[in-house]
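Observations on the model geometry
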Amino acid sequence: MTNNATNIEAEIVELLAHRIPAGIHVSAQTQIVGGLGLDSVAILDFIMDVEDRFDISIPLDRVAEVQTIAELSSAIEALKRAAN
Amino acid sequence: MSLFSKFDDMRANIDLLVASGRNPFDMRFEKVLSATEALLEGRPCLLFGTNNYLGLTFDATCIEATVRAVHEGGTGTTGSRIANGTYCDHALLEQRIAEFYGKRSAMIFTTGYQANLGLISTLAGREDHLLVDADSHASIYDACKLSAAQVIRFRHNDPEDLAHRLRRLKGHPGSRIIVTEGIFSMLGDSAPLREIAAVKREMGATLIVDEAHSLGTRGKNGRGVCEDAGIESDVDFVVGTFSKSLGAIGGFAVSDLPDFDLLRIVCRPYMFTASLPPAVVGSVTAALARISTDESLGARVLSNSGRLYSALAQAGFEVGPEPNPIVALKMTDKETAVRFWNRLIDRGVYANLALPPATPSSLSLIRCSISAAHTEAQIDRAISIMVAVGRELRVLDPRPGKTPVHLTRSLPI
């Protein structure tokens, strides 16, 4: 895993901190649907936070393809590359 | 693993709700007595959860028109307009809607859901970008799913956030289509349409506004929040429904764009479904004439809404941000909302139980809709029952006049 990917994952975990219920441990392999204790709307709200943190747009069809935190991190990396 | 095992969580949620009292998704009225009363569990019940904003479901003129239409045109059209043809009354209703909005064209759909589904999914092609308010109705989200466009949510009622997200798309090809609503269905808050229209103009986007809850309830002539905000000429498409203020079923879209009628041969949710039956077209045409000529209906629903909203806010309930025909009471948690809703029905008031994920910000709500047909006595009775239940469940301070519980500590919502 690249340093960049590790940094992105760390930022995602930080963004999640104020959204997820206490006691949920988040790792790269955590499933976004089902693993975070968030309902579907709360997940989409979290994605808006991610968009703002990384200054990218993540279209909803792209969100639907992403299952784990690691996959979200890869998608962010790819979208950031495309934006630059 | 069965085909239905993917719904195990949903089943568990429903089982929990049923164990707490009733199934909110399967409430059965033995008889609907009027626009504001029904028989429920063998007892009369006040209806504060049916979106019957103008109370026209039992309007004598509308009933007469629907009876006449069914005698003259039969019970159904038995198919779509592209196959079975258009009845003169479909065309007449479209003309009346276009006239009502002062727009060039109107198209009617078989439901309001299909109006959003059809219009949005057809307009937004592969290269295009849909920017939808985060709190949009399910029909808007489903339209986004059906469309090939890239879909971006913007923060609810936040024009600056919308502008920011539009700026991020700089350099990308395709049209930008903004979708929002006049009044939002859960909290009853209205969109800041003047500011959103300014963003639309600045960014060269297209603007669609769903006025499902604001047709007939807002605007001097009942044309909704767009009329109130004075931005009707900025709105490229208004979408609406016949199922609320107009007391029937169906949906519509209106526009000034000259190519609008092309949608009739490319919009699949319009093309491949049966058209509205004569009875519905008849009552909707009559209802539209009623609201076009009777300003008192809109005035009454707003004054009734203000009466309920002010009294509940004053009693200490945490309500939505403004008095509209939807008044939502924020509950401290899901369990309290379920108990509150059950007790309201025990005392003869039917409202809606709205729980996450159907609600914004994971709120648990008791959602009331107000009608022009409610009498002041009915509203006052509903207020007194809601306040009593609020005190029993400690959503309000149990001692009259004391600080409500929710204002003395921070809420988890």
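Now for a description of the structure that goes with this document. Just so it is clear, the structure is predicted and the values come from calculations on it, not from any experiment.

**So, the packing of helix 7 (residues 159-168) of chain B against helix 8 (residues 193-203) of chain B**
Residues and elements named next belong to chain B. Closest axis-to-axis distance for the helix 7/helix 8 pair is 9 Å, and the angle between their directions is 20 degrees. Considered as vectors, helix 7 and helix 8 are oriented roughly parallel to each other. Crossing geometry of helix 7 relative to helix 8 is assigned as right-handed. Here Pro159, Leu162, Ala163, Leu166 and Arg167 of helix 7 come into contact with helix 8, specifically with Glu195, Ile196, Val199, Glu202 and Met203. When the residues that make up the contact of helix 7 with helix 8 are grouped by side-chain class, the tally is seven nonpolar, no polar and three charged.

**A few points about a nonpolar patch on the surface**
All names here are of chain B. Taken together, the side chains of Leu3, Phe4, Phe7 and Met10 make up a nonpolar region of the molecular surface, amounting to roughly 480 Å² of accessible area. Along the polypeptide, Phe7 turns up in the segment before helix 1 (8-19). Its relative accessible area of 42% is what places Phe7 among the partly exposed residues.

**Comments concerning the pattern of salt bridges**
Two side chains carrying opposite charge are able to pair once their charged atoms lie near each other. Scanning all chains against the criterion turns up 34 salt bridges over all chains. Here A:Asp52 makes a salt bridge to B:Arg168, at a shortest N to O gap of 2.8 Å. In this pair, A:Asp52 sits in helix 3 (residues 40-54) while B:Arg168 sits in helix 7, so the two residues belong to two different chains. Residue B:Arg81 is joined to B:Glu94 by a salt bridge in which the shortest nitrogen-to-oxygen separation is 2.8 Å.

**Quick word on the interface of chain B and chain A**
Every contact between the two is made by 17 residues of chain B and, on the other side, 17 residues of chain A. Together, B:Arg153, B:Arg155 and B:Arg168 form the three largest contributors to the area buried by chain B at its contact with chain A, with a combined 43%. For the interface between chain B and chain A, the tally reads seven salt bridges. On the surface where chain B and chain A come into contact, there are 12 residue pairs in polar contact (both at pLDDT 80 or more). Those elements that place two or more of their residues in the side of chain B that touches chain A are strand 6 (150-154) and helix 7 of chain B.

**Here's the deal with the nonpolar core**
Residues and elements named next belong to chain B. Core analysis: the largest hydrophobic core is formed by 53 residues, its most contacted members being Ile97, Phe242 and Ile291. In terms of residue count, helix 11 (residues 278-293) provides more of this core than any other element does, seven residues in total. Residues contacting Ile291, with those up to four places away along its chain left out, are Leu54, Leu56, Phe100, Leu215, Gly216, Leu246 and Leu297. Residues Leu17, Ile366, Cys368 and Ile379 belong to the second largest nonpolar core, which totals 40 residues.

**Looking at helix 13 (residues 334-346) of chain B**
All names here are of chain B. In a regular helix each residue adds 1.5 Å, so 13 residues correspond to 18 Å; helix 13 covers 18 Å between its end C-alpha atoms and thus fits that length. For helix 13, the full list of buried residues reads Thr336, Ala337, Val338, Phe340, Trp341, Asn342, Leu344 and Ile345. Taking the backbone nitrogen of Glu335 as reference, a side-chain oxygen 3.1 Å away marks Asp333 as the first, capping residue of helix 13. Backbone geometry just downstream of helix 13 places Gly348 in the positive-phi region, at approximately 95 degrees.

**Observations concerning unusual backbone geometry**
Residues and elements named next belong to chain B. Note that the residue after Pro356, namely Pro357, is joined by a cis bond; omega there is 5 degrees. Along the chain, Pro357 falls in the loop between strand 13 (352-354) and strand 14 (365-369). Even without a glycine there, the phi angle at Ser362 is positive, about 55 degrees. Mapping Ser362 onto the fold places it in the loop between strand 13 and strand 14. Positive phi values are uncommon outside glycine, yet Arg394 reaches one of about 60 degrees. Looking at Arg394, the relative accessible area reads 54%, which means it is exposed.

**Section: the sheet that holds strand 13 of chain B**
What links the strands of a sheet is backbone hydrogen bonding, and the strands pair in either a parallel or an antiparallel sense. Residue and element names in this part refer to chain B. One open sheet accounts for three strands, arranged 11-14-13; its pairing is antiparallel. The open sheet is flanked by strand 11 (326-330) and strand 13, the only strands paired with a single partner. Within this sheet the neighbouring strands show an average axis-to-axis angle of 30 degrees, counted without direction.

**Observations concerning the environment of B:Leu3**
All names here are of chain B. Examined against the element boundaries, Leu3 turns out to sit in the segment before helix 1. For Leu3, a relative accessible area of 65% corresponds to the exposed category. In this structure, the C-alpha to C-alpha distance between Leu3 and Ser305, residues 302 residues apart in sequence, is 45 Å.

**Examining the sheet that holds strand 12 (residues 349-350) of chain B**
The strand order across the open sheet built from four strands is 1-2-3-12 (chain B), with neighbouring strands paired in mixed fashion. In the strand order of this sheet, the two ends are held by strand 1 (29-32) and strand 12 of chain B, each with one partner.

**A word on the packing of helix 1 (residues 3-17) of chain A against helix 3 of chain A**
All names here are of chain A. Interhelical geometry of helix 1 versus helix 3 gives an angle of 130 degrees and a closest axis separation of 10 Å. Relative to helix 3, the element helix 1 is oriented oblique. For helix 1 against helix 3, the interelement crossing comes out right-handed. Of helix 3, the residues touching helix 1 (which contributes Ile8, Glu11, Ile12, Glu14, Leu15 and Leu16) are Phe46, Asp49, Val50, Arg53 and Phe54. Broken down by class, the residue content of the contact of helix 1 with helix 3 amounts to seven nonpolar, no polar and four charged.

Rules used throughout
- Residues numbered from 1 in each chain as written.
- Chains lettered and ligands numbered in written order.
- Predicted model: local features only at pLDDT ≥ 70, side-chain atom pairs only at ≥ 80, totals over all residues.
- Heavy atoms only, no water.
- Axes fitted to C-alpha atoms, helices over the stretch in contact; angles between N-to-C directions.
- Helix = DSSP H or I, 4+ residues; strand = E, 2+ residues; numbered from the N terminus.
- Parallel < 35°, antiparallel > 145°, perpendicular 65-115°, else oblique.
- Left-handed = near helix turned anticlockwise from the far one by under 90°.
- Contact = heavy atoms within 4.5 Å.
- Nonpolar A, V, L, I, M, F, W, Y, C, P; charged D, E, K, R; others polar.
- Patch = residues over 30% accessible without salt bridge, like charges linked within 9 Å, V, L, I, M, F, W, Y side chains within 5 Å.
- Areas by Shrake-Rupley, 256 points an atom, 1.4 Å probe, with all protein chains shown as cover.
- Salt bridge = Lys/Arg side-chain N within 4 Å of Asp/Glu carboxyl O.
- Buried < 20%, exposed > 50% of the residue type's maximum accessible area, 1.4 Å probe, protein only.
- Buried area = accessible area lost by both parts, 1.4 Å probe.
- Polar contact = N/O pair within 3.5 Å; in protein donor to acceptor, adjacent residues only side chain to side chain.
- Core = buried A, V, L, I, M, F, W, Y, C linked by side-chain atoms within 4.5 Å.
- Expected span 1.5 Å × (residues − 1).
- Pairing = 2+ DSSP bridges.

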